[in-house]
Structure formats: structure tokens, C-alpha cells
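As a plain string of letters, each chain reads:
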Amino acid sequence: MLDVCLLGTSGMMPLPGRALTALMTRFNGSSLLIDCGEGTQVSIREKGWSMHDIDTICITHTHGDHVSGLPGLLLSMGNAERTEPLQIIGPQGVRRVMEALLVIAPGLPFEITYQELTEPVHHIAMKGYELTAFRVNHTVACYGYSQVINRAGRFDIRKAEENQVPMAAWSRLQKNETVVVEGREYTPDMVLGKPRKGLKVTYCTDTRPVPIIAEMAYKSDLFICEGMYGEPGMSAKARENRHMTFTEAAELARKAEVSELWLTHFSPSLVRPNLFMAEVRKIFPDAKAGKERRSRTLTFDREQEM
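Now for a quick tour of the structure.

Parameters and conventions
- Residue numbering note: each chain is counted from 1, following its sequence as written.
- Predicted model: local features are reported for residues with pLDDT of at least 70 only, side-chain atom pairs are reported and counted for 80 or more only, and whole-chain, interface and lining totals are derived from all residues.
- Side-chain numbers come from the whole structure's heavy atoms, not from hydrogens or water.
- By definition, any uninterrupted DSSP run of H or I lasting at least four residues is a helix, any uninterrupted run of E lasting at least two residues is a strand, and each is numbered from the N terminus.
- When accessible area is computed with a 1.4 Å probe and restricted to protein chains, residues below 20% of their type maximum are described as buried, those above 50% as exposed, and intermediate ones as partly exposed.
- Any pair of N or O atoms that falls within 3.5 Å is considered a polar contact. Within protein, one atom must be able to donate a hydrogen and the other to accept it, and sequence-neighbouring residues count only if both atoms are side-chain atoms.
- Only Phe, Tyr and Trp rings take part, Trp by its six-membered ring, and two of them pair if their centres are within 6.5 Å. Stacked means planes under 30 degrees apart, edge-to-face means over 60, and tilted covers everything else.
- Two thresholds decide whether a charge sits over a ring: the Lys NZ or Arg CZ must be within 6 Å of the ring centre and within 35 degrees of the ring normal.
- To define a nonpolar core, start from buried Ala, Val, Leu, Ile, Met, Phe, Trp, Tyr and Cys residues and group those joined through side-chain atoms within 4.5 Å.
- Strand pairing is assigned whenever DSSP identifies at least 2 bridges connecting the two strands.
- As a rule, the C-alpha atoms of each element are fitted with a line to give its axis, helices using only the stretch in contact, and angles between N-to-C directions run from 0 to 180 degrees.
- In what follows, a contact means two residues having at least one pair of non-hydrogen atoms within 4.5 Å.
- The directions from the helix axis to the C-beta atoms form the arc being described.

Observations regarding the environment of Asp189
Phase 1: By secondary structure assignment, the location of Asp189 is in the loop between β11 (184–186) and β12 (196–204).
Phase 2: Residue class for Asp189 comes out exposed when judged on its relative accessible area of 51%.
Phase 3: Considered as a pair, Asp189 and Val103 are 86 residues apart in the sequence and their alpha carbons are 51 Å apart.
Phase 4: Polar side-chain contacts of Asp189 include one of 2.5 Å to the side chain of Thr187.

This is the structure in C-alpha cells:
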């Protein structure tokens, strides 16, 4: 299962009860953080989750409202005697920005490694899942992210017997490993049925609605997308600042055929986003206005267990 928590929903500046942008997911003992605005570590503590298991931080872009919480978060992780390395992924230049921020967080007891994104799309193998980073359209280099947990087919004993696969290899083949027994190579497809539906979460913010977003979010179980402006008459301002309106995000969700949409990264002037959700739901009915610590646990399709 995949745990998802929206830690902050504010754009530009934090507000009482509304932290700056951040998302955290947990899967199989590994925690992923996307963005780290001011107030992120407070939200993590209020949620009751741990910062200790964060092994990767993805940065959409290096504007202050997306990275301002990093020095404090990293200091807290260091003060908790963390020694495991931390990976930071982000657009080209993220290392330079991080090194500047770390001037006020010196002497961390763990190593930080960096992966800078330069291509339109990157596929990165992670701890039991695949991370896809895709470039979007903001005033600076900016990326959205999809977290995909693939799921192999069920073990098929008849298929294993037909392919004369020795029982000694079954366990490792079910773990998607290739096995050599007495000089013969056995591959997972020799014992497994068709791949089953996995889990997918897509997150993107600070962008105009470009086609690659719907492409990368296609069939996501959860699509978390910026909705900077919800009020009528804000389309021109959204285009000028390279952000999105609520209805533009809803159109992307509809095109991508996602299961559920959460809006986030609200303008500070948008005090009550729920007031503007009626028009959104006309386009995409299963849409929600994000709020601090809105959470969801995604589980595999139980029908495919049969």
C-alpha cells in the first residue's frame, strides 16, 4: 500500500493553518518528500509521521515557497542522529541552491547526493517503485513527478511446470529476478501471469496546463495538481504568471482519466477554495480542494487477487 499526505497547500506565502507546498508518501519503509515549503516539518509532526525515513526529496523548482523549509528540516534530521544518505532530485541548478541554503545548516551528519534533471522526461528506479520526472511550463525550470508502483502478475504453477522451471527458482522469480540453475537461465515471465494494475500518484504544481501533464498523469489513482486561482475571471492572471485555474486543472484530470483529483498551491487571496469547487466538479466530479494533512492510503485492486 502507498500512504499519501498533502502537508502544505499554500502558494507564495504561508497563512495561519496553511503551510507552504509539500507532499509526502510512504511505501515499504521508504519515504518520499516532494517540495519542502515553510511549515513542512511542523505538518509532518502534526500528522504523526517521521522525518527519519525520508530517503529522497524531489524539488519541483527552486522558488522560495518550495524550498524554504529545507534547512530546518535537514537540521532536525541531523539532530535526530540520522546517518543514512539523503538523495535530492530537482532541476538543473538545484545543487547550487541547496549548497547556499546549507550555509545555515552546516555540519550535517549524513551525506547528500544530487540528481539534476536536464531532459524533458526522466525515469528513475527507486526503492521498489519508479519515479518519473517531467518538465512543465513555469517561469523557471520546473518538473512534475509521478510515483509508480508496478505489480507483477500472479504466480502460475501450471506455467512454471510447462516451462520446466525447478521449484528452487520459484521464489526468486516471483520477486522479478532472473535465476540460473544448472546452467539454464529462467526469467520471471516463465512463471508469472500478465502484470496486474499497480499504484500511481502524480504531482505537479507551478505550471500552465501543457499536454505532457495529462500524458504523465494518465490513469493515476491520485492526481495532485496546482489550482492557484479558483475565482472567476482569473484566466489572464494565470496565463501571465504561468499558473493554473481550478477548471484548467480539472480539464487535465478529465483528459488523463485519473481516479481522483486534489487541488493545491492556492493563492494567498483564495481563503476558501471550497467555495469554487462546484464548477470544477462539473468538469471532473471526483475532485477535492486540498487541505493540510489530507491523506489517503492507496491499495492494490483486490479483484486482481482472485
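Alright, that's what it looks like, and here's the rest.
Some thoughts on the packing of aromatic side chains
Phase 1: Tallying each qualifying case throughout the model produces three aromatic pairs.
Phase 2: Between the aromatic rings of Phe27 and Tyr129, the centroid separation amounts to 6.5 Å while the plane-to-plane angle is 80°, which identifies the pairing as edge-to-face. Placement of Phe27 in strand β2 (residues 22–27) and of Tyr129 in the loop between β7 (121–125) and β8 (130–135) is noted, with a sequence separation of 102 residues between them. Taken as a pair, Phe27 and Tyr129 share a single burial class, namely buried.
Phase 3: Ring geometry for Phe246 versus Phe266: centroids 5.8 Å apart, planes at 55°, classification tilted. Pair noted here: Phe246 is in helix α9 (residues 246–256) and Phe266 is in the loop between β14 (261–264) and α10 (277–283), with a separation of 20 residues, a long-range link. A single burial state applies to Phe246 and to Phe266, both of which are buried.
Phase 4: Directly above the aromatic system of Trp49 lies the positively charged group of Arg26, at a separation of 4.1 Å from the ring centroid.
Phase 5: Above the ring of Phe110, the side-chain terminus of Arg82 is found at 5.4 Å from the ring centroid.

So, the nonpolar core
Phase 1: By size, the foremost hydrophobic cluster in this structure holds 29 residues, and its most contacted members are Ile213, Phe223, Leu261 and Leu263.
Phase 2: Sorting the residues of this core by element identifies α7 (211–217), β13 (222–226), α9, β14, α10 and β15 (287–289) as the ones contributing at least two each.
Phase 3: Element by element, the count of residues in this core is highest for α9, at six residues.
Phase 4: Trp49, Met51, Leu74 and Met77 belong to the second-largest nonpolar core, a separate cluster that totals 27 residues.

Describing the sheet that holds β2
Phase 1: Read from one edge to the other, the open sheet built from seven strands follows the order β6-β5-β4-β3-β2-β1-β16, with strand pairing classed as mixed. For this open sheet the edge positions go to β6 (112–117) and β16 (294–298), each flanked by a neighbour on one side alone. Put simply, the sheet's adjacent strands are angled 15° from each other on average, direction ignored.
Phase 2: Bridge count between β2 and strand β3 (residues 30–34): five bridges; the pairing is antiparallel. Bridge pairing in β3 places Leu23 opposite Ile34.
Phase 3: Contacts from helix α1 (residues 40–47) reach β1 (2–8), β2, β3, β4 (54–58) and β16, with the element oriented near 130° to β1.
Phase 4: Those strands touched by helix α3 (residues 70–79) are β3, β4, β5 (86–91) and β6, and its axis lies near 170° from that of β4.

What about the sheet that holds strand β9 (residues 143–151)?
Phase 1: Strands sit in the order β7-β8-β9-β12-β13-β14-β15 across an open sheet of seven strands; the sheet is mixed. Edge positions in the sheet fall to β7 and β15, since each has one partner strand and no second. In this sheet, adjacent strand axes meet at a mean angle of 20° when their direction is disregarded.
Phase 2: Relative to β14, β13 runs parallel, the two sharing four bridges. Within β14, the position partnered with Ile224 by the bridge is Trp262.

Some thoughts on helix α6 (residues 167–174)
Phase 1: Taken residue by residue, α6 has Ala169, Trp170 and Leu173 as its buried positions. Viewed end-on, α6 has its buried residues packed into an arc of 120°, placing them on one side of the element.
Phase 2: Looking at the packing, one finds that the buried side of α6 touches α5 (157–162), β10 (179–181) and β11.
Phase 3: Count one or two residues on from α6 and you reach Asn176, which has phi positive near 70°.

Interpretation in functional terms is not warranted from these geometric data alone.
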